[in-house]
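# Descriptive analysis of the structure
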Amino acid sequence: MKIKVSDEVREALLSGKPVVALESTIISHGMPYPKNVQTALMVEDVIRKNGAVPATIAIIKGVPTVGCSKEDIEHLGKAGLTVTKTSRRDIPIVVAKELDGATTVAATMILAEKAGVKIFATGGIGGVHRGAETTMDISADLEELAKTNVNVVCAGAKSILDLKLTLEYLETKGVEVVGYQTDELPAFFTRKSGFKVNCRMDEPVEIAKAINCKDELGLGGGILIVNPIPEEYSMDPEYIEKVIKEAIADADAKGVKGKEITPFLLDKIQKVTGGESLESNIKLVLNNAKLAALIATELSKLQ
Ligand code: PSU
Ligand code: MN
């Protein structure tokens, strides 16, 4: 199976330069056009400014691609929801049918690992949904963190999920959750969730050392690094909770299920908050990109 790695990413990997992977579902399904494309390109810039090489990952006409071009990003952003949201199970189908696939956290981790990229930045991961005790809706992202050797920087997870159960699931699967300059799991739009993380680290170098030890021990799997949204962009917790509850009720009423539920809730939240949440979303992704570049830089000195 051919994986296309861009020249810039291949050269960086060969010479031991820091590289940061980026997902593409956030582009096609996570934000509206054209902000999605602008954000994806800004995220790449931030990574470059902080000394690393960005590798946006997607499947382009059936070819798993590590290091998408600007044209690829523009195409995925414009095509939006018509691009196949691609998690682990979808990869072989999208490749066999020569389709475009926007990779979720899980699928991006798989392709990043194959290319040799160890650090990955995104906004929020999938997790255990509210009501999962009856729906069994648990994102494949969590299973991937347990088995694929890529470390993910995110702003926690949106409280469209059950954050308590998400942490329990990660603990069961042996995934370390490191709070960057925080003792608490952030809740994406807000800096706090009320749930403690297992470990706090205040410096990128400490996180890089932990990743390096995991690799030396051959433990596999990823560390999840949770980075709170900067204070000035965080939203009012009661307001966002109300919006999320309404969005979930609407999804229930409409019978939205399976892989459609996360994009449905994201879109609904964006519409109801009139763009305020989109701005916060963009800022936290940029913040995560910077931290990921700093960790990748420290890791490249150790490996
Ligand atoms: N949460 C967000 N923004 C996103 C996603 C989740 O706040 O864009 C996307 C990511 O690509 C994540 C995927 O990997 O949704 C999870 O989907 P599911 O719950 O169907 O596994
Ligand atoms: Mn699901």
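That block above? That's the structure.
An account of the accompanying structure is given in this report. Note that this is a predicted model, so its numbers are computed, not measured.

Our next topic: the packing of helix 8 (residues 140–147) against helix 9 (residues 163–172). Put simply, helix 8 and helix 9 touch, their axes get as near as 9 Å, and they point 30° apart. As far as their axial angle goes, helix 9 and helix 8 are roughly parallel. For helix 8 against helix 9, the interelement crossing comes out right-handed. Taken together, the residues of helix 9 that come into contact with helix 8 (itself represented by Leu-142, Glu-143 and Leu-145) are Thr-166, Tyr-169 and Leu-170. Counted by class, the contact of helix 8 with helix 9 contains four nonpolar, one polar and one charged residues.

Right, let's get into the packing of aromatic side chains. Counted under the stated rule, the structure contains one aromatic pair. Relative to Phe-189, the ring of Phe-188 has its centre 4.9 Å away and its plane inclined at 85°; by these criteria the two rings are edge-to-face. In this structure Phe-188 comes out as buried when scored by relative accessible area, which is 2%. Here Lys-158 stacks its cationic end above the ring of Phe-188, 3.6 Å away from the centre of that ring.

Inspection of the secondary structure assignment puts Ala-187 in the loop between strand 9 (177–180) and strand 10 (199–201). C-alpha separation for the pair Ala-187 and Lys-290, spaced 103 residues apart in sequence, amounts to 19 Å. Not counting the four nearest positions on each side in its chain, Ala-187 is found in contact with Ala-155, Ala-157, Lys-158, Leu-163, Lys-192 and Ser-193.

Taken together, 15 residues surround ligand 1, and among them Glu-23, Lys-85, Ser-139, Asp-141 and Lys-158 come closest. Separating an oxygen atom of ligand 1 from a side-chain N or O atom of Lys-85 is a distance of 2.7 Å. Expressed as a share of its isolated accessible area of 470 Å², the protein-covered part of ligand 1 is 93%. Where the shell around ligand 1 is concerned, the elements lending two or more residues are helix 2 (25–28) and helix 12 (261–272).

This paragraph deals with the nonpolar core. Among the nonpolar cores identified, the biggest contains 100 residues, and Val-66, Ile-125, Leu-224 and Ile-295 are the most heavily contacted of them. Of the residues forming this core, the biggest block, 12 residues, is contributed by helix 13 (residues 276–302). Residues contacting Ile-125, with those up to four places away along its chain left out, are Val-105, Asp-141, Leu-142, Leu-145, Val-152, Cys-154, Gly-156, Ala-157, Leu-161 and Leu-224.

Conventions used here
Residues numbered from 1 in each chain as written. Chains lettered and ligands numbered in written order. Predicted model: local features only at pLDDT ≥ 70, side-chain atom pairs only at ≥ 80, totals over all residues. Heavy atoms only, no water. Axes fitted to C-alpha atoms, helices over the stretch in contact; angles between N-to-C directions. Helix = DSSP H or I, 4+ residues; strand = E, 2+ residues; numbered from the N terminus. Parallel < 35°, antiparallel > 145°, perpendicular 65-115°, else oblique. Left-handed = near helix turned anticlockwise from the far one by under 90°. Contact = heavy atoms within 4.5 Å. Nonpolar A, V, L, I, M, F, W, Y, C, P; charged D, E, K, R; others polar. Phe/Tyr/Trp six-rings, centres within 6.5 Å; stacked < 30°, edge-to-face > 60°. Buried < 20%, exposed > 50% of the residue type's maximum accessible area, 1.4 Å probe, protein only. Lys NZ or Arg CZ within 6 Å of the ring centre and 35° of its normal. Near = heavy atom within 4 Å. Polar contact = N/O pair within 3.5 Å; in protein donor to acceptor, adjacent residues only side chain to side chain. Areas by Shrake-Rupley, 256 points an atom, 1.4 Å probe, with all protein chains shown as cover. Core = buried A, V, L, I, M, F, W, Y, C linked by side-chain atoms within 4.5 Å.

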